[in-house]
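Close look at the chain arrangement
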Protein chains: 2
Amino acid sequence: MTSIAMIEAAAQRLKGHARKTPLLSSPFLDDIAGRRVLVKPECLQHTGSFKFRGAWSALSALDEVARKKGVIAYSSGNHAQGIAHAASLHGAPSVIVMPADAPKLKIDNTRALGAEVVLYDRASEDRDAIGQSLANERDLTLIKPFDEPLVIAGQGTVGLEIASQAAEQGVTEGEVLVNCGGGGLTSGIALALESHAPQMQVRPCEPQGFDDVTRSLASGQIERNTQTAGSICDAILTPEPGQITFPILKRLCGPGLVVSEDEALHATALAFSRLKIVLEPGGAISLAAALFHGDKLNSETVMVVATGGNVDPAMFTEALQRFN
Amino acid sequence: MTSIAMIEAAAQRLKGHARKTPLLSSPFLDDIAGRRVLVKPECLQHTGSFKFRGAWSALSALDEVARKKGVIAYSSGNHAQGIAHAASLHGAPSVIVMPADAPKLKIDNTRALGAEVVLYDRASEDRDAIGQSLANERDLTLIKPFDEPLVIAGQGTVGLEIASQAAEQGVTEGEVLVNCGGGGLTSGIALALESHAPQMQVRPCEPQGFDDVTRSLASGQIERNTQTAGSICDAILTPEPGQITFPILKRLCGPGLVVSEDEALHATALAFSRLKIVLEPGGAISLAAALFHGDKLNSETVMVVATGGNVDPAMFTEALQRFN
């Protein structure tokens, strides 16, 4: 179980290795939102998403013997690149289990960052089973993408930074909008803020059709998505909240926010023109919630975690052409 | 004449108002360059370029009476937005003289940030004369875009940050590549580094056909460009180096670097895919020099100031389509 002490310890291990991303804003975005919007651009993190934090947290906490043997992870993209890069920097071998139909660029990048990539068939094979069996076979440490206390601790360092950076701007309360897949980042930030900015409340954000966390928070028990693919927000499509993350989300988070794919693309285009950052649609959902769902928000200032920027040029161009 | 004390004083006035932009990098860019490349993304600065620093420096140093009367500036876009926003935040009126062929986005933004915009014809009219006569007529303080010691001092704060942020990464020497128009940013950074990182050397970067600074440094005297319009690098098209900036450039900078428009667009596309930042072509020239002109560089590590991100979606899309 992740504690605030674990998050603070992770922050120490990440120091000088993960980037402290800035807190951005634009008067143009404030106008659209009708309130102050502070954006934490984790697309600027190493490998283009917050996932590097959890990866570094887990890798750096392994004992030297286990690290030398290597690690294994399964992921369609962002966790894959985070683990591959963090492992390389630690001099540890890494094996990443990726779906054979993942974008070629993501597979190429993961390999280029130093990982051995093992492809599987998303339709007929189970990535958990493959990961676990390869881990046993080769004596590798499996680093799960979200239901892993050390990974949650690493992602929680985003929350520590939000608390201190917002305070520098005079902000100590408000809603913190976080794109939510399995809930590793969301639960980590919620735990960090519980200690460091108790008047801030985390609101998980999801794309329409994949609102398992929002429904789970509403019903009080884990609910599954009926579909597991078919959204442009590919980074945050998980079937259900995690066994470890959900109790944290339930205890600490406000109601979920659900946005459409078009709203996510529109937010991507506005992040381009107003913040000069590159977001993938799944990384722009929280910004879309701030800009287009203000009626469901309560605070004068909202903080937005813009989680990742690993978008292909065609999708980005579509966002610019449709919404600028 | 700008001194290091003026730059340090500007840094104090900018504290809590200008953003301290991070220092980014990517192993993929290092591979292309064949050396370590650290990128200072001033596109993330308020109003999308470093110009906000010089604007804030000048506005914050004015006495209250002059500030209440208002300021005037001439600019193709980035200085315009910087002055308009800094003036608004100070509660001061601003008039901006802009070329009629400046990107529409820059003109619209300058107005939206609170300035009165006066358009002129770049080919037939002299912006200095227009600015000076409006300043006299309306009793406004003229804030020149580069040949102004307080503006140079503000831009120089980029150099202070580079010195300290690079040192945090163990880097105390190397070439610092800076996109150069009139030389305000370049000379400010050079002055800052002379004191704070004397083993770093500034190299001005310019687009082909507008290499007045490169030629001036080579000949030892101010040389003019034969053309003053017609490049996609609109942010840094000035006819010649400034009277104040050139002696600083001559004393402190290494030889200039000249890149093609296609190289600038290619660097824009790579900054999208590898750094997740939005650059305008004129803001990507220094990155292009690092990536594609390594044969003219000498140091193991180069620092790149990516100066601005105020690019139209059509131009950005062209970069992605041609170079990804």
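So, how was this worked out
Residues numbered from 1 in each chain as written. Chains lettered and ligands numbered in written order. Predicted model: local features only at pLDDT ≥ 70, side-chain atom pairs only at ≥ 80, totals over all residues. Heavy atoms only, no water. UniProt positions renumbered as here; feature names shortened; annotations may be inferred. Phe/Tyr/Trp six-rings, centres within 6.5 Å; stacked < 30°, edge-to-face > 60°. Helix = DSSP H or I, 4+ residues; strand = E, 2+ residues; numbered from the N terminus. Buried < 20%, exposed > 50% of the residue type's maximum accessible area, 1.4 Å probe, protein only. Pairing = 2+ DSSP bridges. Axes fitted to C-alpha atoms, helices over the stretch in contact; angles between N-to-C directions. Contact = heavy atoms within 4.5 Å. Buried area = accessible area lost by both parts, 1.4 Å probe. Salt bridge = Lys/Arg side-chain N within 4 Å of Asp/Glu carboxyl O. Polar contact = N/O pair within 3.5 Å; in protein donor to acceptor, adjacent residues only side chain to side chain. Least-squares fit on C-alpha atoms with pLDDT ≥ 70 in both. Parallel < 35°, antiparallel > 145°, perpendicular 65-115°, else oblique. Left-handed = near helix turned anticlockwise from the far one by under 90°.

As named in an unreviewed UniProt entry, chain A is Pyridoxal-phosphate dependent enzyme, taken from Parasedimentitalea huanghaiensis. Of chain A, the UniProt comment under Sequence similarities (unreviewed entry) reads exactly: "Belongs to the serine/threonine dehydratase family."

Notes on the packing of aromatic side chains
Residue and element names in this part refer to chain B. For the structure on display, the rule yields 7 aromatic pairs over all chains. Seen from their ring centres, Phe52 and Trp56 are 5.7 Å apart, and the 40° between their planes marks the pair as tilted. Of this pair, Phe52 and Trp56 both sit in helix 3 (residues 51-61), 4 residues apart, which is roughly one turn of the helix. In this pair, the class of Phe52 matches that of Trp56, namely buried.

Thoughts on the sheet that holds strand 9 (residues 301-306) of chain A
Strand pairing in a sheet relies on backbone hydrogen bonds, with the paired strands running either antiparallel or parallel. All names here are of chain A. Taking strand neighbours across the sheet as the criterion, the 5 strands line up as 1-9-6-7-8 in an open arrangement whose pairing is parallel. Looking at which strands have only one partner, the edges of the open sheet turn out to be strand 1 (36-41) and strand 8 (257-259). On average, adjacent strands in this sheet sit at an angle of 25° to one another, irrespective of strand direction. When strand 7 (residues 200-207) meets strand 8, the two strands line up parallel, connected through 3 bridges. By the bridge assignment for strand 8, Cys205 is matched with Leu257.

Comments concerning the interface of chain B and chain A
At the interface, 31 residues of chain B touch 31 residues of chain A. Between chain B and chain A lies a buried interface of about 2400 Å² when both sides are counted; carbon and sulfur atoms form 69% of it. Linking chain B with chain A are 0 salt bridges, by the criterion used here. Linking chain B with chain A are 10 residue pairs in polar contact (both at pLDDT 80 or more). Looking at the side of chain B that touches chain A, the elements that each hand over two or more residues are helix 2 (27-33), helix 6 (104-112), helix 12 (261-275) and helix 14 (313-323) of chain B. If one sorts the elements of the side of chain B that touches chain A by residue count, helix 14 of chain B sits on top with 5 residues.

Comments concerning the relation of the copies chain B and chain A
Of the transformation placing chain B onto chain A, the axial shift is 0.0 Å and the rotation is 179°, giving an RMSD of 0.5 Å. Here the copies are linked by what is in effect a two-fold axis. It is Ile277 of chain B whose C-alpha, among those of chain B, lies nearest the rotation axis, at 2.2 Å. Interface residue correspondence from chain B to chain A reaches 100%, placing this contact among same-surface, isologous pairings.

Looking at the side chain of Ser57 of chain B
Relative to the elements of secondary structure, Ser57 of chain B occurs in helix 3. With sequence-adjacent residues up to four places away left out, Ser57 of chain B is seen in contact with Ala10, Arg13, Leu14, Leu150, Ala153 and Gly154 of chain B.

Here's the deal with the environment of Thr21 of chain A
Residues and elements named next belong to chain A. With respect to the element layout, Thr21 can be found in the loop between helix 1 (4-14) and helix 2 (27-33). It is 8.3 Å that separates the C-alpha atoms of Thr21 and Glu161, two residues lying 140 residues apart in sequence. When sequence neighbours within four positions are dropped, the list of residues in contact with Thr21 reads Lys40, Pro41, Glu42, Leu44, Gln45, Arg53, Glu161 and Gln165. At a separation of 2.7 Å, a polar atom in the side chain of Thr21 contacts the side chain of Glu42.

Points about the pairing of strand 4 (residues 116-120) of chain A
By the bridge criterion, 5 bridges tie strand 3 (residues 94-99) of chain A to strand 4 of chain A in an arrangement that is parallel. Of the residues in strand 4 of chain A, the one forming a bridge with Val95 of chain A is Glu116 of chain A.

A look at the packing of helix 9 (residues 184-196) of chain B against helix 11 (residues 245-252) of chain B
All names here are of chain B. Contact pair helix 9 / helix 11: the axes reach a minimum separation of 9 Å and the direction vectors enclose 50°. Judged by the inter-axis angle, helix 9 sits oblique to helix 11. Pair helix 9 / helix 11 crosses with left-handed handedness. Touching Gly184, Thr186, Ser187, Ala190, Leu191 and Glu194 of helix 9 are Thr245, Ile248, Leu249, Arg251 and Leu252, all from helix 11.

Points about the pattern of salt bridges
Residue and element names in this part refer to chain A. This structure, assessed with the given rule, holds 33 salt bridges over all chains. In this structure, the salt-bridge partner of Glu175 is Arg203, at a minimum N-O distance of 2.6 Å. Of this pair, Glu175 sits in strand 6 (residues 174-179) while Arg203 sits in strand 7; the two residues are 28 residues apart in sequence, bridging distant segments of the chain. With relative accessibility at 3%, the residue Glu175 sits in the buried group. Of the residues examined, Arg203 reaches a relative accessible area of 4% and is grouped as buried. One salt bridge in this structure joins Arg215 and Asp211, with 2.9 Å as the shortest N-O distance. A residue is classified by how much of its surface remains accessible, and Arg215, at 31% relative accessible area, is partly exposed. Each of Lys40, Glu42, Arg53 and Glu161 takes part in salt bridges that share partners, so that together they form one network.

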